[in-house]
Amino acid sequence: MIRSAILGASGYVGGELLRLLARHPGIEATCLFGDSKAGQKLGAVHPHIGGPPAALEVERFTPEALDGIDLVFAALPHGESQKWAEAILNSGAKLVDLGADFRLHDPQDYATWYGEAHQAPHLLDRFVYGIPELHRDAIRGAQAVAAAGCYPTATILALKPLVDAGLVDPESLIVDAASGVSGAGRAVKEGTAFNSVDGSFAAYGLLNHRHTAEMEQALGATVLFTPHLAPMTRGILATCYATAAREMAADEPLQVLRAAYADEPFVRVSDDPPATKWVSGSNGAVVTARYDARTKRVLALGAIDNLGKGAAGQMVQCANLMFGLDEAAGLSAEGVFP
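Residues numbered from 1 in each chain as written. Predicted model: local features only at pLDDT ≥ 70, side-chain atom pairs only at ≥ 80, totals over all residues. Heavy atoms only, no water.

K.L.:
Got a minute to help me understand the nonpolar core in this structure?
P.N.:
It is characteristic of soluble globular proteins that their nonpolar side chains tend to be buried jointly. L159, L162, V168, L173 and V287 are the most contacted members of the largest nonpolar core, which has 42 residues in total. Of all the elements, helix 6 (residues 150-164) adds the most residues to this core, at 9 residues. If we ignore the near neighbours within four places in the chain, the residues touching L162 are L167, V168, P253, V256, L257, A289, V298 and A300. Listed in part, the 34 residues of the second largest apolar core include A29, I139, L307 and M322. (Core = buried A, V, L, I, M, F, W, Y, C linked by side-chain atoms within 4.5 Å. Buried < 20%, exposed > 50% of the residue type's maximum accessible area, 1.4 Å probe, protein only. Helix = DSSP H or I, 4+ residues; strand = E, 2+ residues; numbered from the N terminus. Contact = heavy atoms within 4.5 Å.)

K.L.:
Would you mind going over the pattern of salt bridges with me for this structure?
P.N.:
Proximity of charged atoms lets side chains of opposite charge pair with each other. Scanning the model with the defined rule gives 14 salt bridges in all. One salt bridge connects R60 with D35, and the closest N-O pair in it is separated by 3.6 Å. With a gap of 25 residues between them, R60 in the loop between strand 3 (58-59) and strand 4 (71-74) and D35 in the loop between strand 2 (27-33) and helix 2 (42-45) connect regions that are remote in the sequence. With its nearest N and O atoms 2.7 Å apart, the salt bridge here joins K296 to E247. Residue K296 is located in the loop between strand 13 (285-292) and strand 14 (297-304), and its partner E247 is located in the loop between strand 11 (236-243) and helix 9 (252-260); the two are separated by 49 residues in the primary sequence. Classification of K296 by relative accessible area gives partly exposed; the value is 38%. What makes E247 partly exposed here is its relative accessible area of 49%. Here the salt bridges do not stand alone but share partners, grouping E16, R19, R234 and D305 into one network. (Salt bridge = Lys/Arg side-chain N within 4 Å of Asp/Glu carboxyl O.)

Below you can see the structure in the form of structure tokens.
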């Protein structure tokens, strides 16, 4: 078995990683790190996890604890992975990082969008951007992968084939995306409390949400992105608009998506507009697209589980590739419905 450590094991993504690894045939969770719950048993932190892992204790992280670890999953707030990435890589372990620290290629872009200087720019070239459907071969040979963000994953999967095929004007992309509250993390916050969210639907991060830079980098395009908080626990639905580059049949964008994802185990192209429930609890993504002749625009939609394909599921998918395992090991494309 591949021995893994989880940094940020006490958060929602950490809990989802543990759920997925509990059924994984080749990777086991060996060490769990999380400052906020250090000293507690995993069963108390994540009551949905049973069996032997429940008896493991959440610890404070030190690089010395990585002795004998083959793989590190880091699910930390931005800025934290920069502190530990070099020590992790020097230990010989492979690293899948879910934070934003190593997604952007240019350290100046990080400073612009995150408001602080990058502390480990010399490591950026060692990281591969982690959307397997786009970078599978590079991920296979990587020691370090920067797994994509949740909003960018849904958006990029819906738009990238259309941009690459020249169907849309890359300077015209508009993305409205809604996320479940779990995307805000486990910490208690007034804006994500039940009384604030229930029965409400709100936009935030107008014009300057940090995931914009990641979308633009991956798409090679200009994006106006507006995120929304939806009154649900899990899921992301990205609704994307672009000016068409030319006249086309109404279903041409749909056929381009079908061709791009024909052999993908986790991306399904649907005739119908997707719902987040279709992929809840899974590593699946559902996309669709149309051309509207009346407005000369292309409409594309992508649905994922923000904790699945948008986080823990994608991390496991990347790790499977890095270790030469079956890419689908421990993962499912089918959601839990209703």
